[in-house]
2 protein chains.
Amino acid sequence: MDNTNVKTASPEGSRSTCPIANLLDIVGDKWTLLVVRDLLLLSKRRYGEFQNSPEAIPTNILADRLKRLEAAGFVKKEFYQDNPPRAEYFLTRKGADLEPVLKAMGKWGKQYIPGVVLPETFLSPEIRD
Amino acid sequence: MDNTNVKTASPEGSRSTCPIANLLDIVGDKWTLLVVRDLLLLSKRRYGEFQNSPEAIPTNILADRLKRLEAAGFVKKEFYQDNPPRAEYFLTRKGADLEPVLKAMGKWGKQYIPGVVLPETFLSPEIRD
């Protein structure tokens, strides 16, 4: 992935043609993949459910990350109530296909970080496309 | 990973007992995993080699991320010259075991991000423990 080796143009607005760098452009922070985890492995859908996760994501960060995940096509927002408006969030296939990334991270963490706990059961998310 | 479900204490200084959250506490940003990628898949070892990657990591961020990776036990620094001091960086087994995470990210990116390119050959890194 040296400039000298890769002559292809980078995808628009991205740092390079590296697929890892391009994914990190979207999910490279401490919070985004935790929202994906909640959607994917814990079947959470609602704002309050994400906030209830033990990491206590700040509300402004949660709102920002859900918007970014929606803009990137990882998540779909559906209103289940009009007045006041209330929405649920669902992974798209593209978002749900991050599962091997999250599972690999979980496996690494379980091996190397003392005291971590995997949930006893993973739930299957509903996918929207 | 709800507070209500997990009674275990979190690893010291971390946000929760979730292995994914704990790994993100170390590598959750846009740059750290690119340094790991350079070490793991492209056999880079030296400061200038990391800087030559197409993402053009800023020098202060590179210095900070190498320090953090060393402090977290992912990387070992070895001096190959005394005057002036020049160092090379090597992954530990712990750091090299992020390979399935990076490979899963690369596979996802190759599937979903148009225009990305995987390097033709992955090189095997030397591991230090």
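Residues numbered from 1 in each chain as written. Chains lettered and ligands numbered in written order. Predicted model: local features only at pLDDT ≥ 70, side-chain atom pairs only at ≥ 80, totals over all residues.

(A) Representation of unusual backbone geometry in the model. Residues and elements named next belong to chain A. In this model, Asn83 is joined to Pro84 through a cis peptide bond whose omega is 0 degrees. Take Pro84: it is sitting in the loop between strand E1 (75–81) and strand E2 (86–91). Despite not being glycine, Ala56 shows a phi value in the positive range, around 55 degrees. (Helix = DSSP H or I, 4+ residues; strand = E, 2+ residues; numbered from the N terminus.)

(B) Representation of the relation of the copies chain A and chain B. Of the two same-sequence chains, chain A is brought onto chain B (RMSD 0.0 Å, axial shift 0.0 Å) by a rotation of 180 degrees. When the rotation and shift are considered jointly, the pair of chain copies conforms to a two-fold rotation axis. Across chain A, the rotation axis passes nearest the C-alpha of Asp29(A), at a separation of 2.1 Å. Interface overlap between copies is the fraction of interface residues in one copy that are interface residues in the other; for chain A against chain B it reaches 100%, indicating a shared surface. (Least-squares fit on C-alpha atoms with pLDDT ≥ 70 in both. Contact = placed C-beta atoms within 7 Å.)

(C) Spotlight on the nonpolar core. Of all hydrophobic cores here, the largest spans 64 residues; its most connected members are Ile20(A), Val101(A), Leu102(A), Ile20(B), Val101(B) and Leu102(B). Those residues within four positions of Leu102(A) in sequence are excluded, and the remaining contacts are Leu33(A), Val36(A), Arg37(A), Leu40(A), Leu41(A) and Ile20(B). (Core = buried A, V, L, I, M, F, W, Y, C linked by C-beta atoms within 7 Å. Buried ≥ 20, exposed ≤ 12 C-beta atoms within 10 Å, placed from the backbone.)

(D) Structural detail: the packing of helix H6 (residues 99–112) of chain A against helix H6 (residues 99–112) of chain B. Viewed as axis vectors pointing N to C, H6(A) and H6(B) meet at an angle of 175 degrees, and their least axial separation amounts to 8 Å. Considering their axes alone, H6(A) and H6(B) lie roughly antiparallel with respect to each other. Between H6(A), through Pro100(A), Val101(A), Ala104(A), Met105(A) and Trp108(A), and H6(B), the contact on the second element is made entirely by Pro100(B), Val101(B), Ala104(B), Met105(B) and Trp108(B). (Axes fitted to C-alpha atoms, helices over the stretch in contact; angles between N-to-C directions. Parallel < 35°, antiparallel > 145°, perpendicular 65-115°, else oblique.)

(E) Region of interest: the pairing of E1(A). Residues and elements named next belong to chain A. Pairing of E1 with E2, which is carried by six bridges, proceeds in the antiparallel orientation. Bridged to Lys77 within E2 is Tyr89. Remark: four residues form the turn of the hairpin made by E1 and E2, two consecutive strands paired antiparallel. (Pairing = 2+ DSSP bridges.)

(F) Region of interest: H6(B). Spanning 14 residues, H6(B) covers 20 Å between terminal C-alpha atoms, matching the ideal 20 Å at 1.5 Å per step. Those residues of H6(B) not exposed but buried are Val101(B), Leu102(B), Ala104(B), Met105(B), Gly106(B), Trp108(B) and Gly109(B). Summarising the contacts, the buried residues of H6(B) are in contact with helix H1 (19–27) and H6 of chain A together with helix H2 (32–41) of chain B. (Expected span 1.5 Å × (residues − 1).)

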